[in-house]
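# Coordinates in review
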Amino acid sequence: MIFITAKFRVLPEQADRWPEIVGDFTRATRAEPGCLWFDWSRSVEDPAEYVLVEAFRDEEAGAAHVNSPHFQAAQRTLPPHLAATPRIVNANVPQEDWSLLGEMAVPDRD
């Protein structure tokens, strides 16, 4: 899979509205057949920073994402709400889902 994490520094006056601003883009991306997940989180230390964790089945799915109309629309509509260019980590990972964090294994809670 292609695993991507990106940090978005949002203009402070737009930060509370960011989930609404990216709502259509998020829904459209999650509906892509090759999207495994597309999840936003807000920093607990900096309320103007959002982290996007996303994964796509393979390079073909990743290419379909960046060539989609909703991605192209996001390229035009999201930057005016940002304080800086987003930072990204992009890697091919030989798995299809999250692995368990064995060092913090939780016993069954029957």
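Residues numbered from 1 in each chain as written. Predicted model: local features only at pLDDT ≥ 70, side-chain atom pairs only at ≥ 80, totals over all residues. Heavy atoms only, no water.

As named in an unreviewed UniProt entry, the chain is Antibiotic biosynthesis monooxygenase, taken from Streptomyces antioxidans.

### Observations concerning the overall build of the chain
When its secondary structure is counted, the chain shows four helices and four strands. From first element to last, N terminus to C terminus, the chain shows the α and β order β-α-α-β-β-α-α-β. With the principal axes as the frame, the chain shows a C-alpha extent of 45 × 35 × 25 Å. The buried share of the chain, reckoned over its 110 residues, is 36%. Taking the intrachain contacts of the chain between residues at least 6 apart in sequence as the baseline, contacts between residues at least 24 apart amount to 72%. (Helix = DSSP H or I, 4+ residues; strand = E, 2+ residues; numbered from the N terminus. Buried < 20%, exposed > 50% of the residue type's maximum accessible area, 1.4 Å probe, protein only. Contact = heavy atoms within 4.5 Å.)

### Things to note about the environment of Ser-43
Looking at the element boundaries, Ser-43 is found in the loop between strand S2 (35–42) and strand S3 (49–56). With 23 residues separating them along the chain, Ser-43 and Val-66 place their C-alpha atoms 25 Å apart. Polar side-chain contacts of Ser-43 include one of 3.1 Å to the backbone nitrogen of Glu-45. A polar contact is formed between the side chain of Ser-43 and the backbone nitrogen of Asp-46, at a distance of 3.0 Å. (Polar contact = N/O pair within 3.5 Å; in protein donor to acceptor, adjacent residues only side chain to side chain.)

### Structural notes on the pairing of strand S1 (residues 2–9)
Of the two faces of S1, only the one carrying Ile-2, Ile-4, Ala-6 and Phe-8 is buried; Phe-3, Thr-5, Lys-7 and Arg-9 on the other face are not. Where S1 and strand S4 (residues 87–92) come together, six bridges link them in antiparallel fashion. When the bridges of S4 are listed, Ile-4 appears paired with Asn-90. (Pairing = 2+ DSSP bridges.)

### Focus: the UniProt feature "domain: ABM" (unreviewed entry) in the chain
The residues that UniProt annotates with the feature "domain: ABM" (unreviewed entry) are residues 2–90. Overall, residues 2–90 shows 33% helix and 31% strand. The separation of its end C-alpha atoms is 7 Å. (UniProt positions renumbered as here; feature names shortened; annotations may be inferred.)

### Quick word on the nonpolar core
Ranked by internal contacts, the top residues of the largest apolar core, which has 21 residues, are Phe-8, Val-10, Trp-18, Phe-38, Trp-40 and Leu-78. Those elements that place two or more of their residues in this core are S1, helix H1 (18–21), S2 and S3. Of all the elements, S1 adds the most residues to this core, at four residues. Beyond its immediate chain neighbours, meaning those up to four positions away, Phe-38 contacts Phe-25, Thr-26, Thr-29, Arg-30, Leu-52, Val-53, Glu-54 and His-65. (Core = buried A, V, L, I, M, F, W, Y, C linked by side-chain atoms within 4.5 Å.)

### Let's talk about the sheet that holds S3
In space, the four strands of this open sheet follow the order S2-S3-S1-S4, with antiparallel pairing throughout. Edge strands, defined here as strands with exactly one partner in the open sheet, are S2 and S4. When the angles between neighbouring strand axes are averaged without regard to direction, this sheet yields 10°. Docked against the sheet, helix H2 (residues 23–30) engages S2 and S3, running at close to 155° with respect to S2. Each of S1, S2, S3 and S4 is contacted by helix H3 (residues 59–66), which is oriented at about 130° to S3, the strand it contacts most. (Axes fitted to C-alpha atoms, helices over the stretch in contact; angles between N-to-C directions.)

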